[in-house]
Amino acid sequence: MIISVMTKKFACGDVVTGCAWSTTANDENELFQKISEHAKNEHNMTDIPDEIIQKVKSKIQEA
Ligand SMILES: [Zn+2]
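Every value quoted in this text rests on a predicted model; they were computed, and no experiment measured them. (Residues numbered from 1 in each chain as written. Predicted model: local features only at pLDDT ≥ 70, side-chain atom pairs only at ≥ 80, totals over all residues. Heavy atoms only, no water.)

J.: Sorry, what's going on with the coordination of the zinc ion here?
T.: Six octahedrally arranged donors around a metal ideally form angles of 90 or 180 degrees; four tetrahedrally arranged donors ideally form angles of 109.5 degrees. Listed as protein donors to the zinc ion are Cys-12 (SG), Cys-19 (SG), His-38 (NE2) and His-43 (NE2); their distances from the metal cover 2.0 to 2.3 Å. Each of the four donor atoms around the zinc ion contributes to a set of angles spanning 103 to 115°, which defines the coordination as tetrahedral. Donor residues for the zinc ion sit on one chain with the sequence pattern C-x6-C-x18-H-x4-H. Residue class for His-38 comes out buried when judged on its relative accessible area of 8%. (Donors = N, O, S within 2.8 Å, 3.2 Å for Na, K, Ca; no water. Tetrahedral: all angles 85-135°; square planar, octahedral: opposite > 155°, others 65-115°. Buried < 20%, exposed > 50% of the residue type's maximum accessible area, 1.4 Å probe, protein only.)

J.: Explain the packing of helix α1 (residues 28–43) against helix α2 (residues 50–59) to me, please; I cannot follow it from the model alone.
T.: Two quantities define a packed helix pair, namely the angle between the axes and the distance from one axis to the other. In the contact formed by α1 and α2, the axes pass within 12 Å of each other and the chain directions differ by 125°. Taken together, the axes of α1 and α2 are oblique relative to one another. Crossing angle aside, the handedness with which α1 passes α2 is right-handed. Along its contact with α1, which presents Glu-28, Phe-32 and Ile-35, the element α2 presents Ile-53, Val-56 and Lys-57. Across the contact of α1 with α2, the residue classes tally to four nonpolar, no polar and two charged. (Axes fitted to C-alpha atoms, helices over the stretch in contact; angles between N-to-C directions. Helix = DSSP H or I, 4+ residues; strand = E, 2+ residues; numbered from the N terminus. Parallel < 35°, antiparallel > 145°, perpendicular 65-115°, else oblique. Left-handed = near helix turned anticlockwise from the far one by under 90°. Contact = heavy atoms within 4.5 Å. Nonpolar A, V, L, I, M, F, W, Y, C, P; charged D, E, K, R; others polar.)

Below is the structure:
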């Protein structure tokens, strides 16, 4: 029997227009870690505003 793990996926372009970056992770915490790193490096967001976090959350998909 194969236990399936739901992979989470996020495309930055769903929140930031024109950004082609996307990522996957095994859970939301890991995903958010990757997203915040990307936001910091590529979008100069050292602190991600709550508004953006909510937006990101609503765009997370199960792959
Ligand atoms: Zn981006």
